[in-house]
Amino acid sequence: AMRLSYQALKIMKKRRHGSIIHVSSLAALLAIGNNPVYAASKIFLNSFSENLHWIYKDYGIYIQSLCPGFTDTNFAKSGGFRFTGQAMSVSKVEKSSISCMKSQKTICIP
């Protein structure tokens, strides 16, 4: 995320426009579970996104950290994840991200 963001930001800064959406997780906000490295990486991603937002907002660049909960994706299915509760649809996550983008929210929780 860091390398790709910095490469994209070089271009966006020159044209004074752009958007970056980092896909984080609710795990960043809860910091619970049996995978502390995953949660820590998502906490970092949220902090990184918020800091980039403050650095680049005056260049017309929007940065978002999208924090969905369990989402029903092919990736999850292929990884063998079975959700005991109700998972969000990809469409709901996408619509939430767009809504947050319109209101310029940095941390987006569908």
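Procedures and definitions
Residues numbered from 1 in each chain as written. Predicted model: local features only at pLDDT ≥ 70, side-chain atom pairs only at ≥ 80, totals over all residues. Heavy atoms only, no water. Helix = DSSP H or I, 4+ residues; strand = E, 2+ residues; numbered from the N terminus. Expected span 1.5 Å × (residues − 1). Buried < 20%, exposed > 50% of the residue type's maximum accessible area, 1.4 Å probe, protein only. Arc of directions from axis to C-beta. Core = buried A, V, L, I, M, F, W, Y, C linked by side-chain atoms within 4.5 Å. Contact = heavy atoms within 4.5 Å. Phe/Tyr/Trp six-rings, centres within 6.5 Å; stacked < 30°, edge-to-face > 60°. Disulfide = S-S within 2.5 Å.

Another aspect to go through is helix α5 (residues 90-102). With 13 residues, α5 should reach 18 Å at 1.5 Å per residue; the first-to-last C-alpha distance of 19 Å fits that figure. Among the residues of α5, Val93, Ser96, Ser97 and Cys100 are the ones counted as buried. One side of α5 carries all its buried residues, which in axial view fall inside an arc of 100 degrees. What points out from α5, more than 90 degrees from its buried face, is the exposed set Lys95 and Lys102. Two residues or fewer after α5 comes Gln104, characterised by a positive phi angle close to 60 degrees.

Of all hydrophobic cores here, the largest spans 8 residues; its members are Leu9, Met12, Ile20, Phe48, Leu52, Tyr56, Ile61 and Ile63. Every element with two or more residues in this core is listed here: α1 (2-15), α3 (36-56) and β2 (61-66). Filtering out sequence-adjacent residues up to four positions away, Leu52 remains in contact with Ser5, Tyr6, Leu9, His22, Lys57 and Ile63. Formed by 6 residues, the second largest nonpolar core is a distinct cluster that contains Tyr62, Leu66, Met88 and Cys108.

Time to look at the packing of aromatic side chains. Summed over all chains, the structure comprises 3 aromatic pairs. The interplanar angle of 15 degrees and the centroid separation of 5.5 Å between the aromatic rings of Phe44 and Phe48 together place this pair among those described as stacked. Taken together, the residues Phe44 and Phe48, both in helix α3 and 4 residues apart, mark about one turn of the helix. Of the residues examined, Phe44 reaches a relative accessible area of 41% and is grouped as partly exposed. Since its relative accessible area comes to 9%, Phe48 is described here as buried. Aromatic side chains Tyr56 and Tyr59 sit 6.1 Å apart centroid to centroid with 50 degrees between the ring planes, which places their arrangement in the tilted category.

Its 21 residues place the ends of α3 30 Å apart at the C-alpha level, agreeing with the 30 Å of an ideal helix rising 1.5 Å per residue. Buried residues of α3: Ala39, Lys42, Leu45, Asn46, Phe48, Ser49, Leu52, His53 and Tyr56, and no others. Looking at the buried positions of α3, the neighbouring elements they touch are α1, β1 (18-23), α2 (27-30), β2 and β3 (107-108).

The next subject is the state of the cysteines. Under the defined criterion, the tally for this structure stands at 1 disulfide. Linked covalently through their sulfurs, Cys100 and Cys108 form a disulfide whose S-S length is 2.4 Å. Its S-S torsion of approximately 75 degrees makes the covalent link between Cys100 and Cys108 right-handed. Judged by its relative accessible area of 7%, Cys100 falls in the buried class.

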